[in-house]
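# Survey of secondary and tertiary structure
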Amino acid sequence: MKTGDAELISLARQGDSAAFGQLVGRYYDFIYRVAFRWCGRQADAEDVAQDVCVRLARAIESYRGGSAFTTWLYSMTLNAARDLRRRSVREEMRNDAYRAHALSAASVEPAETHDPADELWQAVRQLSDKQRDAVLLVYGEELSHARAADVMGISEATVSWHIHEAKKRLKTLMRAAGEV
Amino acid sequence: MTDDHTLGRLAKLDIPAPRPAARESAVAAAMHAFAQEKVQHQTQGIAAQPRLTHRILNLWGKIMDRKLLSTSALAGILALPLAGYTAFYLMKENPIALESAPVAATPAYAPEPVPVPAPEPAVESDAGVAAAYDMSQMQQEVRRQAQASEASGVMDKRERKMVAQQPAVAPVSALQDVVVAEETSSDRVQSFDTNPLKVVAESPVSTFSIDSDTASYAYVRRALKEGQLPQPDTVRVEEMINYFPYDWKGPDSAATPFNTTVTVMPTPWNNGTKLLHVAIKGYDVKPVEQPKANLVFLIDVSGSMNEPDKLPLLRAAMRMLVNKLQPGDTVSIVTYAGEAGTVLEPTKVSDKAKILNAVEALTPGGSTAGEAGIREAYRLAQSSFVKGGVNRIMLATDGDFNVGQTDDGSLTRLVEEKRDSGVFLSVLGFGRGNLNDQMMQALAQNGNGTAAYIDTLQEAEKVLVEDASSTLFPIAKDVKIQVEFNPNTVSEYRLIGYETRALAREDFNNDAVDAGEIGSGHAVTAIYEITPKGSPAEQVDALRYGKAEADSEVGNGEFAFVKLRYKQPDGDVSKLITTPVTQANEVASFDAAGTDQRFSVAVAAFGQKLRHASEVRNFSFDQIEKMASSARGDDPFGYRTEFLSLVRLADAMGGSKAQ
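You'll find chain B entered in an unreviewed UniProt entry as VWA domain-containing protein, with Mesorhizobium denitrificans given as the organism.

## Digging into the confidence of the model for chain B
All names here are of chain B. Looking at chain B as a whole, its pLDDT mean stands at 72, while 67% of the residues score no less than 70. No element of chain B has a lower mean pLDDT than helix 3 (residues 60–63), at 35, and none a higher one than helix 16 (residues 595–610), at 94. Contacts of residues 42–139 to residues separated by more than four positions or lying in other chains number 173 contacts, the stretch itself having pLDDT below 50. Complex prediction metrics read pTM 0.52 and ipTM 0.72.

## A look at the pairing of strand 15 (residues 560–567) of chain B
Residue and element names in this part refer to chain B. Within strand 15, seven of the eight residues are buried, leaving the element largely enclosed by the surrounding structure. Direction of pairing for strand 11 (residues 474–485) relative to strand 15: antiparallel, over a ladder of seven bridges. Looking across to strand 15, one finds that Q482 is bridged to K563. For strand 15 and strand 16 (residues 575–581), the ladder comprises seven bridges, and the chain directions are antiparallel. Across the sheet, residue K563 finds its bridge partner in strand 16, namely T578.

## A few points about the side chain of A:T71
Along the chain, the position of A:T71 falls in helix 4 (residues 69–102). Exposure remark for A:T71: the relative accessible area of 4% places this residue in the buried category.

## Concerning the pattern of salt bridges
Residues and elements named next belong to chain B. In total, this model carries 24 salt bridges over all chains according to the counting rule given. Two residues, R221 and E459, come together in a salt bridge whose shortest N-O distance is 2.9 Å. Residue R221 is located in helix 7 (residues 215–225), and its partner E459 is located in helix 14 (residues 457–466); the two are separated by 238 residues in the primary sequence. Across the pair, exposure class does not vary: R221 and E459 are buried alike.

## Quick look at the packing of aromatic side chains
Residues and elements named next belong to chain B. Counting across every chain of the model gives 25 aromatic pairs over all chains. Look at Y217 and Y243: their rings are 4.1 Å apart centre to centre, the planes differ by 35°, and that puts the pair in the tilted class. Separated by 26 residues along the polypeptide, Y217 in helix 7 and Y243 in the loop between helix 8 (237–241) and strand 3 (258–267) bring together distant segments of the chain. Both residues of the pair, Y217 and Y243, belong to the buried class. Look at F244 and F599: their rings are 5.0 Å apart centre to centre, the planes differ by 80°, and that puts the pair in the edge-to-face class. With F244 in the loop between helix 8 and strand 3 and F599 in helix 16, the pair connects residues that are 355 residues apart, well separated along the chain. Through pairs of rings, three or more aromatic residues link up here, namely Y217, Y243, F244, F599, F606, F621, Y639 and F643.

## With respect to the packing of helix 1 (residues 5–13) of chain A against helix 2 (residues 17–39) of chain A
All names here are of chain A. Helix 2 packs onto helix 1 with a crossing angle of 135° between their chain directions and a minimal axis gap of 8 Å. With respect to each other, helix 1 and helix 2 are oriented oblique. Where helix 1 crosses over helix 2, the handedness of that crossing is left-handed. Residues D5, L8, I9, L11 and A12 of helix 1 form the contact with helix 2, whose participating residues are A19, F20, Q22, L23, R26 and Y27.

## Comments concerning the environment of B:K292
Residues and elements named next belong to chain B. Looking at the element boundaries, K292 is found in the loop between strand 4 (270–282) and strand 5 (293–300). Expressed as a C-alpha distance, the spacing of K292 and T330, which sit 38 residues apart in the sequence, is 8.2 Å. Those residues in contact with K292, other than ones at most four positions away along the chain, are G328, D329, V386, G389 and V390.

## Things to note about the confidence of the model for chain A
Residue and element names in this part refer to chain A. Here chain A averages 78 in pLDDT, and 79% of its residues register 70 or above. Of all the helices and strands in chain A, helix 4 carries the lowest mean pLDDT, 72, while helix 2 carries the highest, 88. Below pLDDT 50 for its whole length, residues 100–112 participates in 51 contacts with residues either more than four positions away or in separate chains.

## Describing the pairing of strand 11 of chain B
Residues and elements named next belong to chain B. Among the twelve residues that make up strand 11, eleven are buried, leaving the element largely enclosed by the rest of the structure. Looking at chain direction, strand 2 (residues 205–209) and strand 11 are connected through five bridges and run antiparallel. Looking at the pairing, F208 lines up with I481 of strand 11. By the bridge criterion, three bridges tie strand 11 to strand 13 (residues 516–519) in an arrangement that is antiparallel. Counted as the bridge partner of P474 is G519 from strand 13.

## Here we look at the sheet that holds strand 3 of chain B
Note: strands within a sheet are paired through backbone hydrogen bonds, in either parallel or antiparallel orientation. All names here are of chain B. Ordered by their spatial adjacency, five strands build an open sheet running 1-12-14-4-3, and the pairing between neighbours is antiparallel. A single partner strand is all that each edge strand has here, and the edge strands are strand 1 (198–199) and strand 3. In this structure, strand 4 lies alongside strand 14 (residues 523–532), joined through eight bridges in antiparallel fashion. Paired with K274 across the two strands is I530, which belongs to strand 14.

## Digging into the nonpolar core
In terms of nonpolar packing, the biggest core is built from 69 residues, with A:F20, A:I31, A:I60, A:F69, A:V135, A:L137 and B:L10 touching the most fellow members. Broken down by element, this core gets its largest block of residues, 14 residues, from helix 2 of chain A. Here this core spans two domains, and each of domain 1 (1–86) and domain 2 (113–180) of chain A adds at least three residues to it. Setting aside its immediate chain neighbours within four residues, A:I60 contacts A:I9, A:A12, A:R13, A:F20, A:L23, A:F69, A:W72 and B:F34. B:V220, B:V587, B:F590 and B:A605 belong to the second largest nonpolar core, which has 46 residues in total.

Rules of the game
- Residues numbered from 1 in each chain as written.
- Chains lettered and ligands numbered in written order.
- Predicted model: local features only at pLDDT ≥ 70, side-chain atom pairs only at ≥ 80, totals over all residues.
- Heavy atoms only, no water.
- pLDDT = per-residue confidence, 0-100.
- Helix = DSSP H or I, 4+ residues; strand = E, 2+ residues; numbered from the N terminus.
- Contact = heavy atoms within 4.5 Å.
- Buried < 20%, exposed > 50% of the residue type's maximum accessible area, 1.4 Å probe, protein only.
- Pairing = 2+ DSSP bridges.
- Salt bridge = Lys/Arg side-chain N within 4 Å of Asp/Glu carboxyl O.
- Phe/Tyr/Trp six-rings, centres within 6.5 Å; stacked < 30°, edge-to-face > 60°.
- Axes fitted to C-alpha atoms, helices over the stretch in contact; angles between N-to-C directions.
- Parallel < 35°, antiparallel > 145°, perpendicular 65-115°, else oblique.
- Left-handed = near helix turned anticlockwise from the far one by under 90°.
- Core = buried A, V, L, I, M, F, W, Y, C linked by side-chain atoms within 4.5 Å.
- Domains from an automatic or database assignment.

Written out as structure tokens, the structure reads:
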């Protein structure tokens, strides 16, 4: 019989590494999925997922069970994804600079294209961070506005506002892309 | 239409499954972090600090929140710099023309305008990752072939094709406004502050342990060649200076293990100050007297070592070394990954084939259990201990000792315990991204050894083979230097580099305090910038109620008094060598100083510049290049020529603007 999440979490918090390993194994796919929605690239999503797993090692002790474990994971994953993007912006600046030196012709790889939903996702990824998080959680992960509010640490009304603004912005973006 | 129905499509995104390798590596990294977290909690409150360099070691836990990059991500990130690096390598190191002209006739740098190539067609991510691997392999391949073609002078067709695919190098003038961001990487590096200016009247004595490590230079070189300015904390100026072979005058007999050459010269970057240049050369053990060697290789074969610049490079290096050893020497190999294991019991070099077979059979896999590995290596080293010979463990790793492992501090304690057994420990670092430079330094310094960073076969050859006689055959240990300045002639001073090697004044005479070792024929250089009394460059005002003048009868006119303490490799009681620095040591102009002195000063200036030291802010890379170029000397191995290309590279990347 599978050990329950709550039990694993409590064992891990007491320093049981086997329990922690099991927990990470169990939630890796969840973390990866959220990360992929956010950044849309397998390699990046794997990076983010690994980052979250490592952060989890340190953070598990401070998880008090006040909110659902997945809610907590959502916010950690979104934070990690943002961090990665910030880093890769620096990375890119460096590469740009270096390209000037080496005139290396390679360009940055575009996001992978997989299915029709992907074009929409590409538009979503152009939204501001808050709007992007809100759309990802509400439409991608199909959470209620209330749970999305928990994850993002803001009020439900603010989530609704971000969704509203995101829709307006998406309309413009999709029209520009020739959809609609 | 962006209504709820349309947006509902968002939930149906087709998400490619993560690769199993990425998943495994994430779980392993998390488990490692978890174990570290636990250790940190358990070891809180233990604070044994027998030596100054120890105090930084418990930073390790805090640095753990650095991201552990997965191999695939690393490959992705490195794809661009590697491509550029390959191009750079071809242009600078091995000038191969696009035509099949003999190499010798080709200029190193072709200034004719090269059209900017159009961007390559976009590739899918997976292909991109694969391309990155290919690129690094190709780079190796090209390098190997390039070496071969150097002999023949002509390239074959396939090679030409490869070269033709390489991007061209832009004219330097186009780069003037480019400022390259400093690298941010997950390598763990100890941070330290640059030595401050000291006032002679207040602290007339400067004490430090010598350092014959060279890891920092190789690390800096790799960063620059990959198109990044090195992180300032990876730049240890003394290691950069000591990387180069210098022809200081050595002692005549083994009875005095080294000779000290002191030169005082004007400072190139400051008109008002002088440089006090202390050069020490160890006695070169003649082959006849070369003691028997008992070498234990402790090799990290964890999964991460499976990269062209790691295990395969090490294998090649070991083959070179084995060919250089004497038949009576012994070699053993211990590997560590999931668990430590002995691959080769102590074997005489006369049985060369057996050793080489063991080297070939090394394969990467598993995670890292370093502590068990170190214990096993010490056990083997002791089992075939050569009395009066060289007993050394060579630890080769790309970073971590993790699974079941504790923090750097406890590893260091283990190494310290074993040090008294007479077995020395050297650390060879490989690869990038996860390199634990801090641990390498800590282990090598506490285990009576050296730390070197190996990025190319050329460097492996330098460290293991050419330097073999110096790193393998210690002629003195616990070598400390103390310089006392004369307040009548010198008002201020600043030690360039050696920040991580500082000792307390009283440690100089305390034989229980550990310090660096010196190998056969090894040269160690230390440079002080001193401000003569009354110079307009004095930065600190004299005190109105100054102390009484020092006894002017003693050492009248002397600049300083250099004291050196050392122990024989197997001795416990230190001996003292003293050298007064007088006007006779002074040269009138910088150009009058010896070639090697001038070159070492150029390296010192470069290192300080990469550390953003304010003293050299107005001294340009251009001036450094001129200084080094005129002091290039014979340069039989091309190290100094390579240094020049690094200076140019740092300049092109806007190294001075980053300050």
